[in-house]
Amino acid sequence: MEVLVVHDRKTMRDEIVKILNEEKDTGCNVSQAADIREARIALKSKTFDLMILDLTMPNNSGSDQPGYTQVAYLLREIYDHEDLNAPGDLIGISKEANSLGLLSSDLGPHFMVAVTEDDNGAWREYLIDRVRYAFRSAVSKQRSLAHHYDVDAMIVTAVDEEFQPYNNLLEFYKDRNFPDVSRFIFNDKSGNPRSGIAFSIGASGQATSASRTQSLISWFRPRIAIMSGYCGGVASKVNLGDLCFFDSAAPWDYGKWEEIRDKEGRLVSERFSSRPNALGLSGKTVRNIARELVSKNGDFTQDEMRKIHELAPTESLFPKVQLTHAASGSAVVANDRIIELIQNLNGAIKAVDMESYGFYDACLNTFVRKPQFICVKSVSDYCNGEKGDDYHSVCSYMSAVMACRILMKHIDFLE
């Protein structure tokens, strides 16, 4: 449990820290502040589970007198103006009875309790009892939060180019705690306002996809998670610009390198034996939505088709929407031999990318409530030596439009 002790008297501060450190069950990690200035710095840089606050404090230790007015200003910064990170719980402590009047003001409800520093030392037992209560409360809150959704939707892309279309499709504002995370409000199919977050990982690959997705899910706990962008495709099965919903993602590069030797034990050749473990969509809801959109070939509007033709490198682009299986690996595929290996894993594989398996794994194996999830990407190349970025913009746009369509026209958030 992260605890901030704010007290101007060093002897008292040290005594409180000693009490906290001796309480092994709560596992307190204690930070200290000797004045209001230091408390502000601590509360800006970190979020604490508990703050133990002396009710009479100086702004700057050694240069002005302690008082409860300075403490009141600090609390208003925390709770009224939200300039600082609010602690999970707040315990007041003071030796001066008149300072306890702060608890009868409008700031009083923010305190769990106030402890009076009596001369016989009874305050120590009372304080540790309240610290234990705060610990149990924090654990209970954490368990409760883990079983409830927070935001309705989460959108993730691997690179910034894939994220760019959302800047015109959604209205973003920055998350207060995580500036790299964008928040947005949208209306669902019933016209009800819903909340969402969007994030560009900024790099390709399974590891970054899995770790960032897991972090986002653990913190924001979305009802549905969508990854969008562009991908490679198997030339004989898809056309450039086709839009693919990933029914499953298999790690084509997971397996074992094997040696082939002759009778004398000399190395003849080496081969890679792939052992993929495909991860599929969980639940029927989002898969049925994908099937419906496939039946309507994306249900693109005239304005959207006009934009698609504007972005496409050829005027003859008429994308086909498919629900298909994908192969996902940590390396860029630009080799026909690798495509042949991938096709041998599963003849139904039509799409190839570097992130979907990590994304699906993070969504399926989270310690908080699991979201529905799907990856939707558009084919920008055929995974060969002719790879280029001509289709990146239009593919990013089409997959972003489809992600928004799922959120605003199809998903039932009340299920």
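See above for the structure.
Right, let's walk through the structure included here. (Residues numbered from 1 in each chain as written. Predicted model: local features only at pLDDT ≥ 70, side-chain atom pairs only at ≥ 80, totals over all residues. Heavy atoms only, no water.)

Some points on the pattern of salt bridges
One pass over the structure, following the stated rule, counts 21 salt bridges. R76 is the salt-bridge partner of D80, the closest N and O atoms lying 3.3 Å from each other. Residue class for R76 comes out partly exposed when judged on its relative accessible area of 29%. A salt bridge links K377 to E355; the nearest nitrogen and oxygen atoms lie 2.7 Å apart. Residue K377 is located in strand 17 (residues 372-381), and its partner E355 is located in the loop between strand 16 (349-353) and helix 11 (356-364); the two are separated by 22 residues in the primary sequence. The residues K377 and E355 share a single accessibility class, namely buried. A single network of salt bridges, built from pairs that share partners, joins D152, D188, R194 and R223. (Salt bridge = Lys/Arg side-chain N within 4 Å of Asp/Glu carboxyl O. Buried < 20%, exposed > 50% of the residue type's maximum accessible area, 1.4 Å probe, protein only. Helix = DSSP H or I, 4+ residues; strand = E, 2+ residues; numbered from the N terminus.)

Let's talk about the packing of aromatic side chains
Working definition: an aromatic ring pair is given by the centre-to-centre distance plus the angle between the planes. The tally for this structure, following the rule as stated, stands at nine aromatic pairs. Geometrically, the ring pair formed by F163 and F172 is stacked, given 5.5 Å between the ring centres and 20° between the ring planes. With relative accessibility at 10%, the residue F163 sits in the buried group. The exposure class of F172 is partly exposed, given its relative accessible area of 22%. Aromatic pair F359 and Y360: ring centres 6.0 Å apart, planes at 50°, arrangement tilted. Residue classification places F359 among the buried positions, given a relative accessible area of 0%. Judged by its relative accessible area of 0%, Y360 is buried. By way of ring pairs, the aromatic residues F163, Y166, F172, F184, F186 and F413 are connected into one cluster. (Phe/Tyr/Trp six-rings, centres within 6.5 Å; stacked < 30°, edge-to-face > 60°.)

Topic: the environment of M398
Here M398 is to be found in helix 12 (residues 392-410). Placed 20 residues apart in sequence, M398 and S378 show a C-alpha to C-alpha distance of 7.0 Å. Discounting chain neighbours no more than four positions away, the residues touching M398 are G241, L243, F300, I308, P319 and S378. (Contact = heavy atoms within 4.5 Å.)

Description of the packing of helix 2 (residues 36-45) against helix 3 (residues 68-79)
Direction vectors running N to C along helix 2 and helix 3 enclose 15°, while the axes themselves pass 11 Å from each other. One element, helix 2, and the other, helix 3, form an angle in the roughly parallel class. Of the two possible hands of crossing, helix 2 and helix 3 adopt the one that is right-handed. In this structure, helix 2 uses I36, A39, R40 and L43 to contact helix 3, whose residues at the interface are Q70, V71, L74, E77 and I78. (Axes fitted to C-alpha atoms, helices over the stretch in contact; angles between N-to-C directions. Parallel < 35°, antiparallel > 145°, perpendicular 65-115°, else oblique. Left-handed = near helix turned anticlockwise from the far one by under 90°.)

Some thoughts on helix 1 (residues 10-22)
When the terminal C-alpha atoms of helix 1 are compared, their 18 Å separation across 13 residues agrees well with the 18 Å that a helix rising 1.5 Å per residue should span. Of all the residues in helix 1, the buried ones are M12, R13, I16, V17, I19 and L20. For helix 1, the angular spread of buried residues about the axis comes to 160°, placing them on one side. Among the exposed residues of helix 1, those oriented more than 90 degrees off its buried face are K10, T11 and E22. (Expected span 1.5 Å × (residues − 1). Arc of directions from axis to C-beta.)

Let's talk about the sheet that holds strand 3 (residues 50-54)
Read from one edge of the open sheet, five strands run 2-1-3-4-5, paired in parallel fashion. Every other strand in the sheet has two partners, leaving strand 2 (29-33) and strand 5 (113-116) as the edge strands with one partner each. On average, adjacent strands in this sheet sit at an angle of 20° to one another, irrespective of strand direction. By the bridge criterion, five bridges tie strand 3 to strand 4 (residues 89-94) in an arrangement that is parallel. Note on strand 4: the bridge partner recorded for I52 is I91. Helix 3 rests against strand 3 and strand 4 of the sheet, and its axis sits at about 155° to strand 3. (Pairing = 2+ DSSP bridges.)

A few points about the packing of helix 8 (residues 285-295) against helix 12
The N-to-C vectors of helix 8 and helix 12 enclose an angle of 110°; their axes lie 11 Å apart at closest approach. Accordingly, the angle class assigned to the pair helix 8 and helix 12 is roughly perpendicular. For helix 8 against helix 12, the interelement crossing comes out right-handed. Each of I289, E292 and L293 in helix 8 lies in contact with helix 12, whose residues at this interface are M402, R405, I406 and H410. Looking at side-chain class alone, the contact of helix 8 with helix 12 contains four nonpolar, one polar and two charged residues. (Nonpolar A, V, L, I, M, F, W, Y, C, P; charged D, E, K, R; others polar.)

Topic: the pairing of strand 6 (residues 153-157)
Taken across its five residues, strand 6 has five buried, putting it largely inside the fold. Going residue by residue along strand 6, you find A153, I155 and T157 tucked away on one face and M154 and V156 tucked away on the opposite face as well. Both strand 6 and strand 10 (residues 224-233) contribute to a ladder of four bridges, which runs parallel. Its bridge partner being in strand 10, I155 is matched across the sheet by I226.

Observations regarding the nonpolar core
In terms of nonpolar packing, the biggest core is built from 71 residues, with I224, F245, F300, Y360, I374 and L407 touching the most fellow members. Excluding anything up to four places from it in sequence, I374 contacts A225, I226, M227, F245, F246, L281, V286, A290, F359, Y360 and I406. One finds I16, L20, L50 and A134 within the second-largest nonpolar core, a separate group that totals 21 residues. (Core = buried A, V, L, I, M, F, W, Y, C linked by side-chain atoms within 4.5 Å.)

What to know about the environment of A198
Summarising the element assignment, A198 is placed in strand 9 (residues 193-200). For A198, a relative accessible area of 1% gives the class buried. A sequence separation of 35 residues divides A198 from F163, and the C-alpha atoms of the two residues are 8.6 Å apart. If near-sequence neighbours (up to four positions away) are discounted, A198 is found in contact with I155, F163, F172, D180, V181, S182 and F184.

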